[in-house]
Structure formats: C-alpha cells, structure tokens
Amino acid sequence: MENSLIKLIKETFTPKLISNIISVVVGLVIFILLYLLISMIYKKFAKEKLKAQTFKLIAKILKYSFFVLAVIYVLGIFNIKITALLGAAGIAGVAIGFAAQTSFSNIISGFFILSEKSLKIGDYITIKDVSGTVDSIDMLSVKIKTPDNQMVRVPNETIIKENLQNTSFYPTRRLNVNVSISYDDDMEKALEVLSKVPDKCSCLIKDSESFAYYDGFGNSGINLVLSVFLNNSDLITAKNQVYIEIKKAFDQANIQIPFAQLCVKVNQ
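Before going into details, it helps to say that this report is about the structure given with it. This structure is a prediction, so every number in the text was calculated from the model and none was measured.

**Focus on the overall build of the protein**
When you go through the protein residue by residue, the secondary structure sums to eight helices and eight strands. The buried share of the protein, reckoned over its 268 residues, is 28%. Across the protein, contacts joining residues at least 24 apart in sequence account for 63% of those joining residues at least 6 apart.

**Structural notes on the side chain of Thr-146**
Summarising the element assignment, Thr-146 is placed in the loop between strand E3 (141-145) and strand E4 (151-155). Not counting chain neighbours up to four residues away, the residues in contact with Thr-146 comprise Ser-131, Gly-132 and Val-152.

**What about the pattern of salt bridges?**
Within this structure, the stated rule accounts for five salt bridges. The residue Glu-192 makes a salt bridge to Lys-196 at a minimum N-O spacing of 3.5 Å. Exposure remark for Lys-196: the relative accessible area of 46% places this residue in the partly exposed category.

**What to know about the sheet that holds strand E7 (residues 211-217)**
With antiparallel pairing, three strands are arranged side by side in an open sheet as E6-E8-E7. Two strands lie at the open edges of the sheet, namely strand E6 (172-181) and E7, each paired on one side alone. Adjacent strand axes in the sheet meet at a mean angle of 25 degrees, parallel and antiparallel pairs treated alike. As paired strands, E6 and strand E8 (residues 222-231) are joined by 10 bridges and run antiparallel to one another. Across the sheet, residue Arg-174 finds its bridge partner in E8, namely Phe-229. Across the sheet, helix H7 (residues 187-195) lies against E6, E7 and E8, angled at about 140 degrees from E7, the strand it touches most.

**Thoughts on the pairing of strand E1 (residues 124-127)**
Relative to strand E2 (residues 130-137), E1 is paired through four bridges, and the arrangement is antiparallel. Paired with Ile-127 across the bridge in E2 is Val-130. For E1 and strand E5 (residues 164-166), the ladder comprises three bridges, and the chain directions are antiparallel. For Thr-126, the partnering residue across the bridge sits in E5 and is Gln-165.

**Brief notes about the nonpolar core**
In terms of nonpolar packing, the biggest core is built from 24 residues, with Leu-194, Leu-226, Ile-246 and Phe-250 touching the most fellow members. Among the secondary structure elements, those contributing two or more residues to this core are E6, H7, E8 and helix H8 (235-252). Setting aside its immediate chain neighbours within four residues, Phe-250 contacts Val-179, Ser-180, Ile-181, Ala-190, Val-193, Leu-194, Ile-255 and Ile-257. Ile-113, Leu-114, Leu-119 and Ile-159 belong to the second largest nonpolar core, which has 14 residues in total.

**Topic: helix H2 (residues 15-46)**
Counted at 1.5 Å a residue, the expected span for H2 with its 32 residues is 46 Å, and the 45 Å between its end C-alpha atoms agrees. Buried within H2 we find Asn-20, Val-24, Gly-27, Phe-31, Ser-39, Tyr-42 and Ala-46.

**Quick look at the packing of aromatic side chains**
The full count for this structure, using the stated rule, is four aromatic pairs. Taking the centre distance of 5.4 Å and the plane angle of 65 degrees together, the rings of Tyr-35 and Phe-66 count as edge-to-face. On the criterion of sequence distance, the pair formed by Tyr-35 in helix H2 and Phe-66 in helix H3 (residues 52-77) is long-range, its members being 31 residues apart. Centre to centre, the rings of Phe-169 and Tyr-170 are 5.0 Å apart; their planes meet at 85 degrees, and the pair counts as edge-to-face.

**Quick notes on the packing of H7 against H8**
Across the interface, H7 lies against H8 with an axial gap of 10 Å and an inter-helix angle of 140 degrees. Relative to H8, H7 is oriented oblique. Between H7 and H8 lies a crossing of right-handed hand. Of the residues in H8, those touching H7 at Ala-190, Val-193 and Leu-194 are Ile-246, Ala-249 and Phe-250. Each residue belonging to the contact of H7 with H8 can be placed in one class, and the counts come to six nonpolar, no polar and no charged.

**What about the pairing of E7?**
Note: E7 against E8, five bridges, orientation antiparallel. Bridged to Ala-212 within E8 is Leu-226. Here E7 hands over to E8 after four residues, the two strands then running antiparallel side by side.

Calculation rules
- Residues numbered from 1 in each chain as written.
- Predicted model: local features only at pLDDT ≥ 70, side-chain atom pairs only at ≥ 80, totals over all residues.
- Heavy atoms only, no water.
- Helix = DSSP H or I, 4+ residues; strand = E, 2+ residues; numbered from the N terminus.
- Buried < 20%, exposed > 50% of the residue type's maximum accessible area, 1.4 Å probe, protein only.
- Contact = heavy atoms within 4.5 Å.
- Salt bridge = Lys/Arg side-chain N within 4 Å of Asp/Glu carboxyl O.
- Pairing = 2+ DSSP bridges.
- Axes fitted to C-alpha atoms, helices over the stretch in contact; angles between N-to-C directions.
- Core = buried A, V, L, I, M, F, W, Y, C linked by side-chain atoms within 4.5 Å.
- Expected span 1.5 Å × (residues − 1).
- Phe/Tyr/Trp six-rings, centres within 6.5 Å; stacked < 30°, edge-to-face > 60°.
- Parallel < 35°, antiparallel > 145°, perpendicular 65-115°, else oblique.
- Left-handed = near helix turned anticlockwise from the far one by under 90°.
- Nonpolar A, V, L, I, M, F, W, Y, C, P; charged D, E, K, R; others polar.

Structure representation (structure tokens):
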C-alpha cells in the first residue's frame, strides 16, 4: 500500500510538473511585483493630473489587465490553448456571451460618461427616481450615496439613456422661495419688502440679479416668489437664512402670511 502511494506521487509530481509549478510561482511573483511598481508610478504621476473618477477607472483597467495576462501566462505554462478552451466551452460560451452583452454595454457607457464629463465624484444628481451624491464611477455602474446614507447602484447604461439632472454641475444655482400674503395686505408694499430680503442675507451672491414677483391668487392668499442666486455649497445655510429674513421682514411690516384654517360649526 505504501509503495503504491509513493509510486502514485512520483507519477503525479513529475519533474516537468514541478518545473511548471515553480515557473508559475516565479511568474506570478514577477507579475505582482510589476503590477505594484506600475501602480505606484501611476499613482505618483497621474493622481493629481486626472480627475478622481478617471483615475479610479484607469486603475481598475490596469488591475484587470494584469489579471488577464497572469491567467494567460499560467495557461501557457501548462500548454492550455485559449482557443481550445473557448471551443470546449461550446454552448456555455454562447450563453455567457449573451449574458455579457449588458456588461459590455455598461463598460462602453462608462467611457461615454467620462468623456462627456456630465458628472463627477461629489456631484449631487438625480436619475429617474434616485437622488444623491456620486460616490464612485466604476466600469459597470455609478454608485450614489442618498441623503439618508443608502448606496444606490445605477448601471452606466441607465445614466446614458435617462435624463440626468446634475445639481452640482454649475458652481451657482437659483433658489425660488414661495410665500403668500393675505388678501387684506398691500400687494405693492409686500412686493417691495420681499425684494429687499436678499440684501439682508450674507449667504447669497450679491452681484447676481435677485427679484420678486407675483405668482397668482391662491385659496388662502396671494402667492409671491423670491428668486435669488447662491453657491451650491451654501444651499442649506442660504435656505434657512432666506426663510428667516422673510418672516422677520413681514412681521416688521405687519404683513400676514396666511395659513389654511378649518371652521367647525356644531348645531345644538
């Protein structure tokens, strides 16, 4: 029994197989060291010159390229031809090919996203019914971090096909604030008071054109709109400041902001 086991080991681990295993180990070590060296050089010289999403995408392509080359090298050591391997796959290869169509479509769409420069990491976007901050732009998808700290993966193909709203594309944006006044108030006075509110808000862009206008007659009052410009980074602060100053200005001018009231009559 022992002699049979030794004979089996000798027949299995032939000098040629041992030589191939050593070649594979040495080759993989060289591939890993070469990949680490090229990655280090790439990070040193390209990180500051490329945009974050482009840098990450190229880094992933570099990684996958080395992986494919390593696999081809290992197969070559054992005299396994890729063409024969693909031929042996037969119907399975065809099925995988059909399944991979979506992946290839997303990869191509990813290159269009990068070349079009319609979004970048850190932008706040809305695509279909999803809104959030772009966390990463990968080969197959764009990962979005929603305001409630959830990760949503959107395929690159969807980004290309659907209407994309990028709130952060421009450094500034317009903010329209809706407010109502009572039908008993002086309309001209209310419009004048509202027009002076932007001067009291430090977060707004002072050299931009801010204006107020009437926007129709509502059920409870007359609707007005205050339109101002601000930096994207100041959105929340500016919103709070504008609403506070509108309330202060209207209170000082004795202008009422109406609200819905419900009258209940009980017959006895």
